[in-house]
Each structure stands twice: as C-alpha cells, then as structure tokens.
Amino acid sequence: MVHGVRGGDTVACAGEILSYRYRLYALSDRFYERCVGLTWCSTCREYSGAMVFVPRNEDLWDPLTDLPMPERERLVRSEVKLLDYLDRLVRRGIRPPRQP
C-alpha cells in the first residue's frame, strides 16, 4: 500500500501515485492473464507490487518496447530499476495511461 496507514500513522507525502501493469507470460500460456501490477510515488519512493488479473483482450502500455533486449530484461528483473526508469519517463512527460 502506497501512502497508507502504518501503525496508526498516515504517511505525510501527498505525491501522485502512478501505476503500471505488465505481462509475464506469452499469449499462448494459460497464465497470460496473470500480470504484475506496480503502484508507486515518485516523491517519497514508496511502492507496492502484486499479481493482478488483466483480461486477454486488454492491451497494456509497454514503455520498454524500443529498448534492446538485454536492457529490457535487466529492468524487468528489478522492480526498483524498473520504477527508476518509469520515473525518468514521467519526468520527460511520458506517463503510463490511467488504469480502468
């Protein structure tokens, strides 16, 4: 939980919470609809990740498409590095679309 309640105290940060979802499995895999969902705040650097359901027919935004495969794999292996990369995109005005 980002900006949630911990031990009765609320987190003081009022930064914007962003989200990103990505698929782990190939379209032919029976687990294709199981995806990783990340939410984070660039201001306080809190983040949360979980497995989420995304229907097969829903296209997901993929900001890593144009990266060389080694760089893409490096980012997907580390949530922290992935979030740093996504934060850099946000600072350049490239933002994840709002999730339904």
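Look above for the structure.
This structure is a prediction, so every number in the text was calculated from the model and none was measured. (Residues numbered from 1 in each chain as written. Predicted model: local features only at pLDDT ≥ 70, side-chain atom pairs only at ≥ 80, totals over all residues. Heavy atoms only, no water.)

Focus: a nonpolar patch on the surface
To be explicit about the condition: Patch definition: residues above 30% relative accessible area lacking any salt bridge, with like charges linked at up to 9 Å and the nonpolar side chains Val, Leu, Ile, Met, Phe, Trp and Tyr linked at up to 5 Å. Accessible surface area values rest on a Shrake-Rupley calculation with a 1.4 Å probe, where residue burial reflects the displayed protein chains alone. Each reported salt bridge corresponds to a side-chain nitrogen of Lys or Arg within 4 Å of a carboxyl oxygen of Asp or Glu. We count a stretch as a helix when DSSP gives it H or I for four or more residues in a row; a strand needs E for two or more, and each element gets its number in order from the N terminus.
Taken together, the side chains of Leu24, Tyr25 and Met51 define a hydrophobic patch exposed on the protein surface, amounting to about 280 Å² of accessible area. Of note, Met51 is situated in strand E5 (residues 47-53).

Thoughts on the packing of aromatic side chains
Stated formally: Each Phe, Tyr or Trp ring (for Trp, its six-membered ring) is paired with any other whose centre lies within 6.5 Å, and the angle between the two planes then decides the class: stacked below 30 degrees, edge-to-face above 60, tilted in between. For each residue, the accessible area found with a 1.4 Å probe, counting protein chains only, is set against the maximum for its type, and the residue is called buried under 20%, exposed over 50%, and partly exposed in between.
Under the defined criterion, the tally for this structure stands at 3 aromatic pairs. Considering the side-chain rings of Tyr20 and Trp61, the 5.9 Å spacing of their centres and the 85° angle between planes classify their relative orientation as edge-to-face. Note that Tyr20 is positioned in strand E3 (residues 17-23) and Trp61 in the loop between E5 and helix H1 (69-76), a separation of 41 residues in sequence. Taking the relative accessible area as the measure of exposure, Tyr20 reaches 2% and is therefore buried. Judged by relative accessible area, which is 26%, Trp61 ranks as partly exposed.

What to know about the nonpolar core
Our working rule: By nonpolar core is meant a set of buried Ala, Val, Leu, Ile, Met, Phe, Trp, Tyr and Cys residues that side-chain atoms within 4.5 Å join together. Only heavy atoms matter for contacts: two residues are in contact if any of them lie within 4.5 Å across the pair.
Core analysis: the biggest nonpolar cluster contains 14 residues, and Tyr20, Leu38, Leu82 and Leu86 have the highest contact counts within it. Excluding its chain neighbours within four sequence positions, the residues that come into contact with Leu86 are Tyr20, Trp40, Trp61 and Pro63.

Topic: the sheet that holds E5
What counts is decided by this rule: For two strands to count as paired, DSSP must find a minimum of two bridges between them. The angle between two axes is taken between their N-to-C directions and runs from 0 to 180 degrees, where each axis is a line fitted to C-alpha atoms and a helix contributes only its stretch in contact.
Strand order in the open sheet formed by 3 strands is E3-E4-E5, with antiparallel pairing between adjacent strands. Two strands in the sheet have a free side with no partner beyond their single neighbour: E3 and E5. Strand-to-strand twist across the sheet, computed as the mean angle between neighbouring axes with direction ignored, equals 25°. As defined by bridge partners, strand E4 (residues 34-41) adjoins E5 across 7 bridges and the pair is classed as antiparallel. In the strand pairing of E5, Arg34 is matched with Phe53. Relative to the sheet, helix H2 (residues 79-91) contacts E3, E4 and E5, its axis offset from that of E4 by approximately 60°.

Remarks on the side chain of Arg23
Keep this limit in mind: The charged-residue count follows a simple rule in which Lys and Arg add positive charge and Asp and Glu add negative charge, with His and chain termini not counted at all. Nitrogen and oxygen atoms within 3.5 Å of one another constitute a polar contact, given that in protein one can donate a hydrogen and the other can accept it, and given that sequence-neighbouring residues count only through two side-chain atoms.
Assignment of secondary structure puts Arg23 in strand E3. Buried and without a salt bridge, Arg23 has Glu58 as its closest oppositely charged side chain, separated by 6.2 Å. A distance of 3.0 Å separates a polar atom in the side chain of Arg23 from the backbone oxygen of Pro55. A distance of 2.7 Å separates the side chain of Arg23 from the backbone oxygen of Glu58, its partner in a polar contact. With sequence-adjacent residues up to four places away left out, Arg23 is seen in contact with Tyr32, Glu33, Cys35, Val54, Pro55, Arg56, Glu58 and Leu60.

Digging into the pattern of salt bridges
For the structure on display, the rule yields 6 salt bridges. In this structure, Arg45 engages Asp84 in a salt bridge whose closest nitrogen and oxygen atoms are separated by 2.3 Å. One end of the pair, Arg45, is in the loop between E4 and E5; the other, Asp84, is in helix H2, with 39 residues separating them in the sequence. Judged by its relative accessible area of 43%, Arg45 falls in the partly exposed class. Using a relative accessible area of 27% as the deciding quantity, one classes Asp84 as partly exposed. Across the salt bridge formed by Glu71 and Arg74, the nearest N and O atoms sit 2.8 Å from each other. Note that Glu71 and Arg74 are positioned in helix H1 at a spacing of 3 residues, about one turn of the helix. On the accessibility criterion, Glu71 (25% relative accessible area) is partly exposed. Judged by its relative accessible area of 31%, Arg74 falls in the partly exposed class. A single network of salt bridges, built from pairs that share partners, joins Arg45, Asp84 and Asp87.

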